Amino acid sequence: MSASNPRPALVIGLGRFGVAVGRTLERMGHEVLGADTSPALVQQYASDFTQIVEADGTDMAALTQLGVADFNAAVVAIGSDIEASVLSVLALSDLGVANIWAKATNDKHARILERTGAHHVVFPEQRMGERVARLLNERLLDFIDFGDDFAIAKLSAPSPIVGVPLVTSECRKKHDVTVIGVKREGEDFIHAVPDTLIMPGDQLVVSGKVDRIEAFAAIDGE
């Protein structure tokens, strides 16, 4: 799929998650077909998608009529109706859709979706809850969890490493985190090197295990 000619995507389920995914895909230049069984939702979001239809995502005949085999990806954004979610994934898989994403509400739901044919399963509510909880730590400004307990975070530079170059503060040796880059107010982002001097007010981008990042962000209080 080229960036200049992105292939269309299908979004089944027009709740908050499905609409957010569809709108973002539209902004990225994709053609998006939205589908939901609710005529009210279809009418409400008619102007948000390239095309929107009232259709049952569990119905193979309806999906075939929509030409889903020609879509680059399909997102099953149904959350509350687990049976409909699973049946939609199964129908898409049987029709040969090569890239199926599905929303899960819990681990059991996720396992069923994967066994039914989903290539990617996401937990939007759970992930957002974890993200908000971590950002309640006032020194963490942003946080991306990659799984396997590994993350990249943006945080305010802890005072113990301010005023010295990274080679002296030994963040990797002492705190088991890697400083990837530094953003200073009014200046461009710079990639960190051993001689990078950390200044007051700097924001750092660091990588490492989640617990080590959280501990590093809290060293001001030690």
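Reading the values: rules and limits
Residues numbered from 1 in each chain as written. Predicted model: local features only at pLDDT ≥ 70, side-chain atom pairs only at ≥ 80, totals over all residues. Heavy atoms only, no water. Pairing = 2+ DSSP bridges. Helix = DSSP H or I, 4+ residues; strand = E, 2+ residues; numbered from the N terminus. Axes fitted to C-alpha atoms, helices over the stretch in contact; angles between N-to-C directions. Contact = heavy atoms within 4.5 Å. Buried < 20%, exposed > 50% of the residue type's maximum accessible area, 1.4 Å probe, protein only. Arc of directions from axis to C-beta. Patch = residues over 30% accessible without salt bridge, like charges linked within 9 Å, V, L, I, M, F, W, Y side chains within 5 Å. Areas by Shrake-Rupley, 256 points an atom, 1.4 Å probe, with all protein chains shown as cover. Salt bridge = Lys/Arg side-chain N within 4 Å of Asp/Glu carboxyl O. Core = buried A, V, L, I, M, F, W, Y, C linked by side-chain atoms within 4.5 Å. Parallel < 35°, antiparallel > 145°, perpendicular 65-115°, else oblique. Left-handed = near helix turned anticlockwise from the far one by under 90°. Nonpolar A, V, L, I, M, F, W, Y, C, P; charged D, E, K, R; others polar. Lys, Arg positive; Asp, Glu negative; His and termini not counted. Charge placed at Lys NZ, Arg CZ, Asp CG, Glu CD. Right-handed = clockwise from strand over helix to strand, strands pointing away.

Moving on: the sheet that holds strand E1 (residues 9-12). Spatially, the six strands line up as an open sheet ordered E3-E2-E1-E4-E5-E6, and their pairing is parallel. Strands at the two margins of the open sheet, each flanked by one partner only, are strand E3 (51-54) and strand E6 (120-122). Strand-to-strand twist of the sheet, defined as the mean angle between neighbouring strand axes without regard to direction, takes the value 15°. Pairing of strand E4 (residues 73-76) with strand E5 (residues 100-103), which is carried by three bridges, proceeds in the parallel orientation. Opposite Val76, over in E5, you have Ala102 as the bridge partner. This element, helix H1 (residues 16-27), spans E1, strand E2 (32-36), E4, E5 and E6 of the sheet and lies at about 165° to E1.

Here we take up the sheet that holds strand E10 (residues 190-191). Judged by pairing direction, the sheet is antiparallel, and its five strands sit side by side in the order E7-E8-E11-E9-E10 without closing on themselves. Unpaired on one side and paired on the other, strand E7 (140-147) and E10 mark the two borders of the sheet.

Inspection of helix H9 (residues 210-217) places Val210, Ile213, Phe216 and Ala217 among the buried residues, and these make up the whole buried set. An end-on view of H9 places all buried positions within 130° of arc, on one side of the element.

Before going further, it helps to examine a nonpolar patch on the surface. Taken together, the side chains of Ile144, Phe146 and Phe150 make up a nonpolar region of the molecular surface, amounting to roughly 290 Å² of accessible area. For Phe150, the location among the structural elements is in strand E8 (residues 150-156). Look at Phe150 and you get partly exposed, because its relative accessible area is 34%.

Turning our attention to the nonpolar core. When a protein is soluble and globular, its nonpolar side chains tend to lie buried together. If you look at the biggest cluster of nonpolar residues, it comprises 25 residues, and the most contacted ones within it are Leu10, Leu63, Val68, Val89, Leu92 and Leu113. Mapped onto this core, the elements with two or more residues apiece are E1, E2, E4, helix H4 (82-94), E5 and helix H5 (107-116). In this structure, Leu63 is in contact with Leu10, Ile12, Gly57, Val68, Ala91, Leu92 and Leu95, ignoring residues within four places of it in sequence. Core analysis: the second largest hydrophobic core is formed by 20 residues, Ile161, Val182, Phe216 and Ala217 among them.

Turning our attention to the packing of H4 against H5. Helix packing geometry: the angle between the two helix axes and the distance between the axes. Contact geometry for H4 and H5: axes closest at 9 Å, N-to-C directions at 20°. With respect to each other, H4 and H5 are oriented roughly parallel. Helix-helix and strand crossings are classified by hand; for H4 and H5 the assignment is right-handed. Side by side, H4 and H5 meet where Ile82, Ser85, Val86, Val89, Leu90 and Ser93 of the first sit next to His109, Ile112, Leu113 and Thr116 of the second. Counted by class, the contact of H4 with H5 contains six nonpolar, four polar and no charged residues.

This part is about the side chain of Thr196. Tracing the sequence through the fold places Thr196 in the loop between E10 and strand E11 (203-209). Beyond its immediate chain neighbours, meaning those up to four positions away, Thr196 contacts Val164, Pro165, Leu166, Val182, Ile190 and His191.

Our next topic: a negative patch on the surface. Residues Asp145, Asp148, Asp149, Asp176 and Asp211 make up a contiguous surface patch of negative charge. By secondary structure assignment, the location of Asp211 is in helix H9. The partly exposed category is assigned to Asp211, whose relative accessible area is 42%.

Another aspect to go through is the pattern of salt bridges. A full pass over the atoms with the stated rule returns two salt bridges. Between Arg23 and Asp48 there is a salt bridge, with the nearest N and O atoms lying 2.6 Å from each other. Taken together, the residues Arg23 in helix H1 and Asp48 in the loop between helix H2 (39-44) and E3 connect sequence positions 25 residues apart. The class for Arg23 is partly exposed, based on a relative accessible area of 35%. Measuring nitrogen to oxygen at the nearest pair gives 2.7 Å for the salt bridge that ties Arg184 to Asp202. Separated by 18 residues along the polypeptide, Arg184 in the loop between strand E9 (177-183) and E10 and Asp202 in the loop between E10 and E11 bring together distant segments of the chain.

We now examine the pairing of E2. Counting buried residues in E2 gives five out of five residues, a clear majority hidden from the surface. Side chains Val32, Gly34 and Asp36 of E2 all project onto a buried face; the interleaved residues Leu33 and Ala35 project onto the opposite face, where all are buried too. Here E1 runs beside E2; their pairing, made up of four bridges, is parallel. Counterpart to Leu10 in the pairing with E2 is Leu33. One crossover worth recording links E1 to the parallel E2 by way of H1, and it is right-handed. Here E2 pairs with E3 via four bridges, running parallel. Each bridged residue has a counterpart across the sheet, and for Asp36 the counterpart in E3 is Glu54. Handedness of the crossover joining E2 and E3 through H2 is recorded here as right-handed.

Shape is all these values report; function is a separate question.
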